[in-house]
Structure formats: structure tokens, C-alpha cells
Amino acid sequence: MQKSKMKTLIIYQLLDKYSDENNPLSTTRLIEMLENDYNIQCERKSIYADIEALKEIGCDILTVKSPKRGFFMASRKFEVPEVTMLIDAVSSAGFITPKKTQSLVEKLKSLMSDDQAQSVKSQVYVDTASVKCDNEEIYITIDHLNSAIDEHKKVKFVYKRRCVDVQNKKKHTEKTFTVSPYALIWKDDHYYLVCNNDKYDNLMNLRIDRMKKLEVLEEKARPVCEVSEYEDVFDAQDYSAKMFNMFSGEKCDVTLRCSLKIQEEMMDRFGSAIPLVAHDITHFDTTVKATLSDGFVSWIMQYGADIEVLEPTELAIMVKNKAKSILDVYK
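Residues numbered from 1 in each chain as written. Predicted model: local features only at pLDDT ≥ 70, side-chain atom pairs only at ≥ 80, totals over all residues. Heavy atoms only, no water.

Draft legend 1. Expanded view of the overall build of the protein chain. A count of helical and extended segments in the protein chain gives 11 helices and 11 strands. Radius of gyration (C-alpha) of the protein chain: 28 Å, far over the 20 Å computed for a compact globule of 331 residues. Its C-alpha atoms give the protein chain principal-axis dimensions of roughly 85 × 55 × 45 Å. Taken across its 331 residues, the protein chain has 41% of its residues classed as buried. Within the protein chain, contacts between residues at least 6 apart in sequence are counted, and of these 62% link residues at least 24 apart. Approximately 20,100 Å² of the protein chain is accessible, and the part contributed by carbon and sulfur atoms is 50%. For the protein chain, the distance from the average position of its 47 positive side-chain charges to the average position of its 53 negative side-chain charges is 6 Å. (Helix = DSSP H or I, 4+ residues; strand = E, 2+ residues; numbered from the N terminus. Rg over C-alpha atoms; globule rule 2.2 N^0.38 Å. Buried < 20%, exposed > 50% of the residue type's maximum accessible area, 1.4 Å probe, protein only. Contact = heavy atoms within 4.5 Å. Areas by Shrake-Rupley, 256 points an atom, 1.4 Å probe, with all protein chains shown as cover. Lys, Arg positive; Asp, Glu negative; His and termini not counted. Charge placed at Lys NZ, Arg CZ, Asp CG, Glu CD.)

Set out below in C-alpha cells:
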């Protein structure tokens, strides 16, 4: 490529990497960088011509005279607050290994100028040492699972579960699963595969960070209508809304009597469209779709006396038994 054509592209790269509102690059500085780093010599007026050419193709480059004279990239595909939120999300995601976290954060920082990246680095800190997984296969696993779901094929993998076996000094057990995959769901800070084991006529949720040696099989996946309420397409949003701590269970209508002080929290969890029927001046009743599971029982109990289960009776008994077992521990 001719140096004249290269020069315009290099100027774009220099402005993208080193310039921002607080750090414009002057014509003199651009000439120095081109000569020192790329062995390209040029005059001041050619810099102006290159800047104009970049503006003509849509680059948002502004010229300033005070407090510093020069040019800077005024807008990018991602603004600094957007990149900061993405870095926070990656840093706190438990299913991303420390090595992959560092790699992703560096890629995200490249969306900003160097000065902006340094500023963000000094402001953002998430202590993830104790929650990050150590499964370096997770990227490949997610990619293969997406392909299997798209092609309606079964998958086979080794699944690791943690356990406590002091006598045999075992920290985990491993089991091989062959399942029909339907969706990937990120919930409660973990990535899950929603799938079916042919031995049963229901759905199960498995942590993706615990999967290893995953293979996509040629065998066709079981139709989701055979194992769930969904007829043609698995509805991940509906399914996720009914799961509590990703525990599977029987789905049903649940009627709850709630204190008015948790009204906002109930709408955050189940959606603003849930029915809210006044019971008295301090309580309201609502009916929601949920699964009867230990996860749902634990969720209800975190609200103590602010939630009472009215229906179904089976769920009320589950909550009562859970409360009794906790009370027995402290007797």
C-alpha cells in the first residue's frame, strides 16, 4: 500500500487510540508520531487533508484550540460509561475464568482511548478471586452448545459436581451426560444449559462451567414439546421467569398474600402486570406462575412474615416444614 494511503489510516488509528476530549493530538504531535513510529514524513497541510478525508467518510473528529490545540475522536461505537458497565459485568461474571476475564477486559479497554482506559482501570475494582471458575473450556463449550441448539442435535459431556468426601479426599464427582439441549440462560450469576435427559420427561438445568469434553452428536435432539409445556419453540424468557435459583419443579399458579412494603420487589420479580388485589390496608394478594421447588421455598422464606402462601396447600406445607426444620436446629 502506498505510504500516502497508509498515512490516512494510521492517523485514524492514532486518533482512535490516543485522543479524547481531554487529550487532543496536535498537528505537530501527529507529524512526530508518523515519522518516529512509521517512518512517514509529511507536511502540516497533508494532515489537514487527511483529517478532512476521515470526516467525509463519517469519522466524528473535532478540532479544538483551547485549552490544548489539536484533533480528537469525539465519539466512538461505545461511550466510556457503556464500556465501564461491560467491564464490570465481565469482571463479576463467575463463569468466566480469571485468564479469560483479563483478556476480555483488555479488548473492551481498546474501545476507548488509552487515557480513558487508564481512568476506568483506576475506578473499577471487583474482587472475583474467590468466585471465578477454573474451566478454560467454557468458551468452546458455549460455542458448541449454540451450534447443537441451532442444529437440534444432542450433546455429550462430562459433568463435575462438588462434594465433600473427607475420608477418600474427594472434592468432586464426575458423571457423563447425553442430553437434548434447548437454551442457554444466564441467571443468578451463572450460565445454565436447559436440557432433557432421555431417562426423564422433564427439563433439567446444568451449570455450563462444570462441563468438560463436550461433543456434538449426530443424533437428533428430542422435541421440546415432549418434555415441557412449550409446543414448538422453547420460551427461555418465560421459563427463566418461573425458575427460582434454577431449581426445576412442577409449574403451577401460586397465590401469595404480601405486605405492601414489598410490592415493588414483587413486581420486579414477576413483572408489573401481575394482579395486585388489596386485602387490607397493609397487605395485598397476587397470583403468579412459579415452580414448586426448594429454590422457590427459600426465596419465599427470605421475606419472613411479609409473604404468606395461600395456594397451593402443598407449597404452604413445604414452607412450614422448612421453617420448622430451621427452628429445630436452634432449639
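After that view of the structure, there is still more to cover.
Draft legend 2. Layout of the state of the cysteines. Applying the stated criterion across every chain yields a total of 0 disulfides. C42 forms no disulfide, and the closest cysteine sulfur to it belongs to C59, at a distance of 18 Å. (Disulfide = S-S within 2.5 Å.)

Draft legend 3. Focus on the packing of helix α2 (residues 27-38) against helix α3 (residues 44-56). Relative orientation of the contacting elements α2 and α3 amounts to 95°, with a least axis distance of 10 Å. Comparing the axis directions of α2 and α3 gives the class roughly perpendicular. On the side of α2, the interface is formed by T27, T28, L30, I31 and L34, while α3 contributes R44, I47 and Y48. Looking at side-chain class alone, the contact of α2 with α3 contains 5 nonpolar, 2 polar and 1 charged residues. (Axes fitted to C-alpha atoms, helices over the stretch in contact; angles between N-to-C directions. Parallel < 35°, antiparallel > 145°, perpendicular 65-115°, else oblique. Nonpolar A, V, L, I, M, F, W, Y, C, P; charged D, E, K, R; others polar.)

Draft legend 4. Structural context of unusual backbone geometry. Residue P67 is reached from S66 by a cis peptide bond, and omega for that bond is 0°. On the secondary structure map, P67 appears in the loop between β1 (61-64) and β2 (70-73). Cis geometry marks the peptide bond from E311 to P312, where omega comes out at -5°. Inspection of the secondary structure puts P312 in the loop between β11 (307-311) and α11 (313-329). In this structure, H152 takes a positive phi of about 55° despite not being glycine. Tracing the backbone shows H152 in the loop between α7 (138-151) and β3 (153-165). You can call H152 exposed: its relative accessible area is 52%. Even without a glycine there, the phi angle at K213 is positive, about 55°. Relative to the helices and strands, K213 is located in strand β7 (residues 211-220). When its relative accessible area of 62% is taken as the criterion, K213 is described as exposed.

Draft legend 5. Quick look at the nonpolar core. Among the nonpolar cores identified, the biggest contains 30 residues, and L145, F157, L184, L193, I208 and M211 are the most heavily contacted of them. Considering each element in turn, this core owes the most residues, 5 residues, to α7. Beyond its immediate stretch of four places on either side in the chain, L145 contacts V155, L184, L193, I208, M211 and L214. M267, I274, V309 and L315 belong to the second largest nonpolar core, which has 22 residues in total. (Core = buried A, V, L, I, M, F, W, Y, C linked by side-chain atoms within 4.5 Å.)

Draft legend 6. View of helix α10 (residues 294-301). When we look at burial in α10, the residues that qualify are G295, F296, V297, W299 and I300. As for α10, its buried residues are in contact with β8 (250-259), α9 (263-270), β10 (283-292), β11 and α11.

Draft legend 7. Region of interest: the side chain of N205. Within the secondary structure layout, N205 lies in strand β6 (residues 204-207). Classification of N205 as buried rests on a relative accessible area of 13%. In this structure the side chain of N205 is engaged in a polar contact, spanning 2.7 Å, whose partner is the side chain of Y239. (Polar contact = N/O pair within 3.5 Å; in protein donor to acceptor, adjacent residues only side chain to side chain.)

Draft legend 8. Main features of the sheet that holds β10. With respect to topology, 4 strands assemble into an open sheet ordered β9-β10-β8-β11, the strand pairing being antiparallel. Among the strands making up the open sheet, the edge pair consists of β9 (277-278) and β11. Looking at chain direction, β8 and β11 are connected through 4 bridges and run antiparallel. By the bridge assignment for β11, T255 is matched with E311. Taken strand by strand, α9 contacts β8, β10 and β11, and its axis lies near 30° from that of β10. Strands in contact with α11 are β8, β10 and β11; relative to β11, the strand with the most contacts, it is inclined by about 145°. (Pairing = 2+ DSSP bridges.)

Draft legend 9. Fine view of the packing of α10 against α11. One way to put it is that α10 packs onto α11 with a least axis distance of 10 Å and a crossing angle of 70°. Relative to α11, the element α10 lies roughly perpendicular. As α10 packs across α11, the resulting crossing turns out to be right-handed. In contact with D294, F296, V297, S298, I300 and M301 of α10, α11 contributes L315, M318, V319, K322, A323 and I326. Its residues assigned to classes, the contact of α10 with α11 comprises 9 nonpolar, 1 polar and 2 charged. (Left-handed = near helix turned anticlockwise from the far one by under 90°.)

Such coordinate-based values are descriptive only and should not be taken to indicate function.
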